[in-house]
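Chain by chain, the residues run as shown.
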Amino acid sequence: MTAPAILITGAGRGLGLELARQYAADGWRVIGTERGAKAEYPLDVTERKQLATLARKLDGAPVDVLFCNAGIIGKRGMALGSFDYASWEEMLRVNLLGAAALAEALLDNVVASERKLIAMMSSRLGSISESSGMTLPYATTKAALNMLVKGLAATLAAKGVIAVALSPGWVRTDMGGSGAPLAPETSVAGLRKVIAGLKAEDSGRFFSYDGSSIPW
């Protein structure tokens, strides 16, 4: 039997690296992209030409799970009265438009696979229902990403594609900081369990790494 394939963006560090490690250890074919010309699969998700090159390189190969993990937190400490709009725009280009462009570029690969899953790495901060106003610029990019997931789920249902938004929790990475309570290994193990259990009726939903549902 052919091993299932997962493509993970931002696989050079943090949660992306741990995702790649765990899936590879479980026998999956892992296609890990990262920024930089020296990478086996170099990809800046904001560069459309690089996305087109990646699609050509994959040459129609099935991708069972497309995991849009690449993301940035932008300038820290932004609040009303001190917004850095250049940083905000960059976050939107990476966190939202980059994810949309990735899904569009590799949709045929997903549809050609057996599992047909698109997972978007969101954040609980992107929940409109739970919004506290903290890290507002970053939170808006994740709320928009969640809307993208809902739209993809509806648009791609006829093709049998499942699209979900996932929150990894507060994790000890460069983004989460050393004071975060979760180890990357724990978060990723939970995310993998969620992905493994997804059914068609779960498409368009927002899940935490622990399997609980997060309100939009």
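No experiment lies behind these values; they were computed from the predicted model shown.

Caption draft 1: Quick peek at the packing of aromatic side chains. Tallied over the full model, the rule gives 5 aromatic pairs. Residues Phe83 and Trp88 carry aromatic rings whose centres are separated by 4.9 Å and whose planes lie at 65 degrees to one another, so their mutual orientation is edge-to-face. On the accessibility criterion, Phe83 (18% relative accessible area) is buried. Ring geometry for Phe206 against Trp216: centres 5.4 Å apart, planes inclined by 20 degrees, an arrangement best described as stacked. Here Phe206, found in strand S7 (residues 206–208), pairs with Trp216, found in the segment after S7; they are 10 residues apart in sequence, far enough to count as distant. Phe206 sits in the buried class, given a relative accessible area of 1%. With a relative accessible area of 30%, Trp216 lands in the partly exposed category. Among the aromatic residues, those joined into a cluster by ring pairs are Phe83, Tyr85 and Trp88. The lysine or arginine in question, Lys57, covers the ring of Tyr41, its NZ or CZ lying 4.6 Å from the ring centre. Positioned over the ring face of Tyr23 is Arg192, at 4.6 Å from the centre of the ring.

Caption draft 2: Spatial organisation of the pairing of strand S2 (residues 29–34). Pairing geometry for strand S1 (residues 5–8) and S2, over 4 bridges, is parallel. The residue bridging Leu7 from the neighbouring strand is Ile31, located in S2. Crossover S1 to S2 through helix H1 (residues 14–25) is right-handed. Pairing between S2 and strand S3 (residues 41–42): 2 bridges, direction parallel. Bridging from a neighbouring strand, Glu34 pairs with Pro42 of S3.

What counts, and where the lines are drawn
Residues numbered from 1 in each chain as written. Predicted model: local features only at pLDDT ≥ 70, side-chain atom pairs only at ≥ 80, totals over all residues. Heavy atoms only, no water. Phe/Tyr/Trp six-rings, centres within 6.5 Å; stacked < 30°, edge-to-face > 60°. Buried < 20%, exposed > 50% of the residue type's maximum accessible area, 1.4 Å probe, protein only. Helix = DSSP H or I, 4+ residues; strand = E, 2+ residues; numbered from the N terminus. Lys NZ or Arg CZ within 6 Å of the ring centre and 35° of its normal. Pairing = 2+ DSSP bridges. Right-handed = clockwise from strand over helix to strand, strands pointing away.

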